[in-house]
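# Examination of the molecular architecture
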Amino acid sequence: MRSFTPFPALLTLSLLAGCAVSPPAITPPPPPVDWAFQHSDLAPDPAFRFGKLANGMRFVIRRNATPPGTAVVRMNVATGSLDERDDERGFAHFVEHMAFNGSTRVPEGEMVRLLERAGLAFGADTNAQTGFEHTLYMLDLPRNDPKLLDTALMLMRETASELRFDPEAVARERGVVLSELRDGQGYALENMKDQIAFLYPQATYRNRLPIGTVETLNAASADSLKAFWRREYVPAKVTLVISGEFAPDAVETAIRAHFEDWGATPKSPRPDQGKVLAGQKGQTDIWIAPPLSERVTASRHGPWQDEPDSAASRRAQLLRQISYGVINRRFLSLSRQVAPPFRGAGFGTSDVFRIGRTTNLVVDTEDGGWRKGLTSAAQVLAQALKHGFTPAEIAEQVAGIRTGIENAAASAQTRSNGALVAAALALVRDDQVPTSPQSALDRFNAFAPTITPQAVLAALKREALPLKDPLLRFQGRNAPEGGTKALRQAWNHANGTETALNATEGATSFAYTDFGAPGTVVADAIDPALGIRTVRFANGVRLNLKRTTLEADRIQLRLAIDGGELLETRSDPTAVEMTSALSNGGLGKHSQDALQTLLAGRSVSNGIVASGDAFVAGATTTRRDLELQLQLLAATVTDPGYRPEAEVLFRQNMTNFFARRDATPGLALANEVGAVLSDNDPRFTLQPPAAYQALTFAQLKDHIGDRLANGAMELALVGDFDEAQAIALVARTFGALPPREPAFLPHAEARQRSFTARRGVAVIRHSGATNQAVVRLIWPTTDDADPLEVLRLGLLEEIAGIEVTDSVREKLGKSYSPGASSAMSRVYTGYGTFALQASVDVADVAATRAAFSETVRELLAAPVDADVLQRARAPMLERLDNALKSNGGWMGLTERAQSRPDRIERFVKARERLAALTAADVQATARRWLAGQPVTVLVLPEGVPAPGE
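Residues numbered from 1 in each chain as written. Predicted model: local features only at pLDDT ≥ 70, side-chain atom pairs only at ≥ 80, totals over all residues. Heavy atoms only, no water.

Moving on to the overall build of the protein. From N to C terminus, the protein includes 29 helices and 23 strands. A globule of 949 residues ought to have a C-alpha radius of gyration of about 30 Å, and the protein, at 31 Å, matches this closely. Dimensions of the protein, computed from the C-alpha atoms along their principal axes, are close to 110 × 70 × 65 Å. Looking at the protein alone, contacts between residues at least 24 apart form 83% of all its contacts between residues at least 6 apart. In the form shown here, the protein has an accessible surface area of approximately 39,700 Å², with 53% of it arising from carbon and sulfur atoms. Charge centroids of the protein, computed over 103 positive and 108 negative side chains, lie 3 Å from each other. (Helix = DSSP H or I, 4+ residues; strand = E, 2+ residues; numbered from the N terminus. Rg over C-alpha atoms; globule rule 2.2 N^0.38 Å. Contact = heavy atoms within 4.5 Å. Areas by Shrake-Rupley, 256 points an atom, 1.4 Å probe, with all protein chains shown as cover. Lys, Arg positive; Asp, Glu negative; His and termini not counted. Charge placed at Lys NZ, Arg CZ, Asp CG, Glu CD.)

Quick look at the structure:
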């Protein structure tokens, strides 16, 4: 190789010719960096295994046993809609769909069937998603079977390099993709499009929404989709992430067996992502749509700040997190006033991919309140930026952060597969090093003493962009009076004044620690089948306990009190409607705002809702905070905060609810179908808006006060706790309360619910996109008293779902997500429903109805074949096998173990009963419930003629 030496260097060499000259040192090129932690001072969690194949494909493996005996497999492809060219919009998402439509080793339609036979339900365990920068393929394996892992890896390899793109399959799937695009249309999407067009006029992503456009999707061919796939699906863009109860050596061997022979191909560069205009300012935008609640946003842009993940950058992020937390905490306090200036407000800064960053002040107001809200929020922000924060505010934020980090470290050994995969994907996608929770705690403890108000403010100012002459955007139902000029004037006025800092309430100790003499245990037993312990106190309170080690230092609580929605009557159908708003009122001795400060850093929560036949409260806590959590729940029941500020928030929320009650087909259906099926029984029918605006806490107290004070009570604890200690703590709280009714009341009259005798078509109207419709066929069934009938109808539901997916989605290409559902009530005597449903184009309503009718005729006419039966039953059996591998699964059996003891027996016998069901049983069940004419609910746009019109 010839080299060129410049003239001054030649002169120097000639002068030194009489000396021994050493050759100049050659600095070797830096080694390739495969992972972010290779150039970070943060050490990755050593339990992760990171690897790279010779072809450039990477993998992350994590051995994990939570939930035990399961695994998850993820294939991340670093391509998304930002990799598309102008004529390829929507191709990344279209290719994702084609992954389920035929490859070299898997015929079209067989991938989902293959997985269903292995116990993976389509949608729940088998799925994929496409974003701007990545496409993710997801398989959740219900068991740690090496053969199942091998199948999963085979399918991932097929997706990566072996897809077929048969023209007929592309044509069928095009309808499904277009239906997904259609379903996503509506006021929310149009509002988002306007917002990003206003804020980022020269950024590429505003024209690269992953769903694509009708024009480019219709123009997509098998060849053009395959060309995009071949260009983008290359080993260097693919990372496999596997977490589960497998030996890492075995997993790596399997990965190499499936992927090492995949030939390396150069990565194609991502097209230009456009620009975020740092100098963009002073512009104003107004967007009006009837369903939109009022919001004003002030924004400024700046350059992207490249901060590689390191200990220093995490310290800076922590300080910024605290600063935003304090400001948003001030906003929250103002929103909790009796006459709040706004419904809510938020301040923060976020990256726009890697091309810029934006600082936003967002203010949500009631209709017409934008000026007051914007002024108040801007003044609060200005005050914070000028004067900084108080030590007490910093301490509150630090306490919450510390608790989160400590809790994560305490439960590190039982992190779920999902959590570990999320950490690995953060590394793959965002270069975030997956450090161990303990190392995070150690770094925090070392840094915490240096967290001062001054340091926090300085960190904020280094990132947040000054909102000087910002971009202002208004969205709402009605244009602001005075238009863009008035918005700008309001902002300028707000920034010329200053508001005084509101002091939070000064309570220093929790007022609910003494509930009387501890209760006495009068009954104590252990269920022999599942080991659930049942305790009863002398005052009638029932306690159910199940100790598990599934989640270290995590305890779930669930409280049920007799009453719930059964207190609503035909004459008073909104009697308990405000129950869920009680938590916003705090407690009698502490407002919710005061509680937030008082309980900062504690793993506790309050709240209660009316659900079915009970008032229900739930929480997740730790061993350290179990006593406080029990005290807080007991105070929620004995002294709820019927405060006016919570009434104000409830009414504001109801105003927004009614403004969008029919804005989409789904909302219209959910809000109106109850009236259709009940012949307008007021208990199941949405009442006029004025009825909700007239509700008060005084009325609510009259309705629920007796139940909270006297109703039968059942408390459940599931998780990592000491049983003796837990019983003692409950004795000092709920066990110390005055005597209660010994059992849940029958409420026999309230449990009566009828299903309309009218059949045929019922039309519900929506105000959304004019091409959107929903077809829903509904049959009456029965309640869930018979466990065998529950399983029969459940199996029929799975089979019907498979059949309508095959017919309406795969064959007709009419709907993205058709399905079946069986709902058998635990509350209302003899009441249940079975339904088939699909979201379709208005033009396809008739064809969809015909397909549904044909599906039902086939289910009635003959038993389903053995393959369909297996595909339906296998995922159900796997769900039963895995049900008790999480605290949530145990809670489902523990929460009412004394008032509903039959649930334990039916669970124990469910697998055997389900395995024994035959195709003939399914046919008989279909004939029992689906032979009659259903109620056919059509959700149609306003103005579109209904059948027969």
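Picking up after the structure, the text goes on.
This part is about the environment of W304. By the element assignment, W304 lies in the loop between β8 (294-302) and α10 (311-335). Under the relative-accessibility criterion, W304 is labelled partly exposed at 26%. Taking the C-alpha atoms as reference, W304 lies 42 Å from V840; in sequence the two are 536 residues apart. With near-sequence residues (within four places) excluded, W304 lies in contact with D351, F353, R354, I355, G356 and R357. Separated by 3.4 Å, the side chains of W304 and D351 make a polar contact. (Buried < 20%, exposed > 50% of the residue type's maximum accessible area, 1.4 Å probe, protein only. Polar contact = N/O pair within 3.5 Å; in protein donor to acceptor, adjacent residues only side chain to side chain.)

Mapped onto the fold, R533 is located in strand β13 (residues 533-537). In this structure R533 comes out as buried when scored by relative accessible area, which is 18%. R533 sits 184 residues away from L717 along the chain, and the two C-alpha atoms are 9.9 Å apart. Contact partners of R533, with chain neighbours within four places excluded, come to D524, A525, I526, L543, N544, L545, E723 and I727. Looking at R533, its side chain comes within polar contact range of the side chain of E723, at 2.7 Å.

Moving on, we get to the packing of aromatic side chains. By the definition in use, this model includes 20 aromatic pairs. Centroid distance Y205 to F353: 5.1 Å. Interplanar angle 70°. Geometry classified as edge-to-face. Of the two residues, Y205 is situated in the loop between α6 (187-199) and α7 (214-219) and F353 in the loop between β9 (344-352) and β10 (356-365); the sequence distance between them amounts to 148 residues. Through a chain of ring-to-ring contacts, the aromatic side chains of W35, F37, F48 and F50 assemble into a single cluster. Positioned above the aromatic ring of W890, the side-chain terminus of K546 is 4.5 Å from the ring centre. R753 extends its terminal NZ or CZ atom over the ring of Y828, reaching a point 5.4 Å from the ring centre. (Phe/Tyr/Trp six-rings, centres within 6.5 Å; stacked < 30°, edge-to-face > 60°. Lys NZ or Arg CZ within 6 Å of the ring centre and 35° of its normal.)

With an omega of -5°, the peptide bond running from T66 to P67 counts as cis. With respect to the helices, strands and loops of the structure, P67 is situated in the loop between β2 (58-63) and β3 (71-77). Notably, F165 is not glycine yet its phi reads approximately 60°, a positive angle. Tracing the sequence through the fold places F165 in the loop between α4 (146-161) and α5 (167-183). Backbone geometry at N680 places phi at a positive 65°, although glycine is not the residue there. Relative to the elements of secondary structure, N680 occurs in the loop between α20 (665-678) and α21 (689-693).

Note that L700 resides in helix α22 (residues 697-710). In this structure L700 touches A575, V576, M578, T579, L582, Y642 and G705, once residues within four positions along its chain are discounted.

Here helix α25 (residues 845-861) contains 17 residues, and its C-alpha end-to-end distance of 24 Å stays within 8% of the 24 Å for a straight helix at 1.5 Å per residue. Along α25, the residues classified as buried are V845, T848, A851, F852, T855, V856, L859 and L860. (Expected span 1.5 Å × (residues − 1).)

With mixed pairing, 7 strands are arranged side by side in an open sheet as β12-β13-β14-β18-β15-β17-β16. Of all strands in the sheet, those with a lone pairing partner are β12 (521-526) and β16 (609-611), marking the two edges. In this sheet, adjacent strand axes meet at a mean angle of 20° when their direction is disregarded. Direction of pairing for strand β15 (residues 555-562) relative to strand β18 (residues 713-719): antiparallel, over a ladder of 7 bridges. The residue of β18 that forms the bridge with Q556 is V718. Its contacts with the sheet put helix α18 (residues 626-638) on β15, β17 (614-621) and β18, and the angle it makes with β15 is roughly 20°. (Pairing = 2+ DSSP bridges. Axes fitted to C-alpha atoms, helices over the stretch in contact; angles between N-to-C directions.)

Moving on: the packing of helix α24 (residues 787-811) against α25. It is at 10 Å that the axes of α24 and α25 come closest, and there the two elements cross at 135°. Classed by the angle they form, the pair α24 and α25 counts as oblique. Relative to α25, the crossing made by α24 is right-handed. Taken together, the residues of α25 that come into contact with α24 (itself represented by L796, I799, A800, E803, V804, S807 and V808) are T848, A851, F852, T855 and L859. Across the contact of α24 with α25, the residue classes break down as 8 nonpolar, 3 polar and 1 charged. (Parallel < 35°, antiparallel > 145°, perpendicular 65-115°, else oblique. Left-handed = near helix turned anticlockwise from the far one by under 90°. Nonpolar A, V, L, I, M, F, W, Y, C, P; charged D, E, K, R; others polar.)

Tallied over the full model, the rule gives 73 salt bridges. When the shortest N-O distance is used, the salt bridge between D249 and R49 registers 2.7 Å. Residue D249 is located in helix α9 (residues 248-259), and its partner R49 is located in strand β1 (residues 48-52); the two are separated by 200 residues in the primary sequence. Taking relative accessible area as the criterion, D249 reaches 51% and is therefore assigned exposed. For R49, a relative accessible area of 27% translates into the label partly exposed. Here R751 ties to D613 by a salt bridge, and the two come within 3.5 Å at their closest N and O atoms. Taken together, the residues R751 in the loop between α23 (723-732) and β19 (760-766) and D613 in the loop between β16 and β17 connect sequence positions 138 residues apart. (Salt bridge = Lys/Arg side-chain N within 4 Å of Asp/Glu carboxyl O.)

Another point: the sheet that holds strand β11 (residues 471-476). Spatial strand order, β7-β11-β8-β10-β9: 5 strands in an open sheet with mixed pairing. Taken across any chain shown, the strands that pair with only one partner, and hence form the sheet edges, are β7 (284-288) and β9. Ignoring which end each strand starts from, the neighbouring axes of this sheet average 15° apart. Pairing geometry for β8 and β10, over 9 bridges, is antiparallel. Opposite H301, over in β10, you have T358 as the bridge partner. The strands touched by helix α11 (residues 370-387) within the sheet are β8, β9, β10 and β11, with β10 carrying the most contacts at an inclination of about 130°.

Fair warning: the whole summary comes from geometry, so function is off the table for now.
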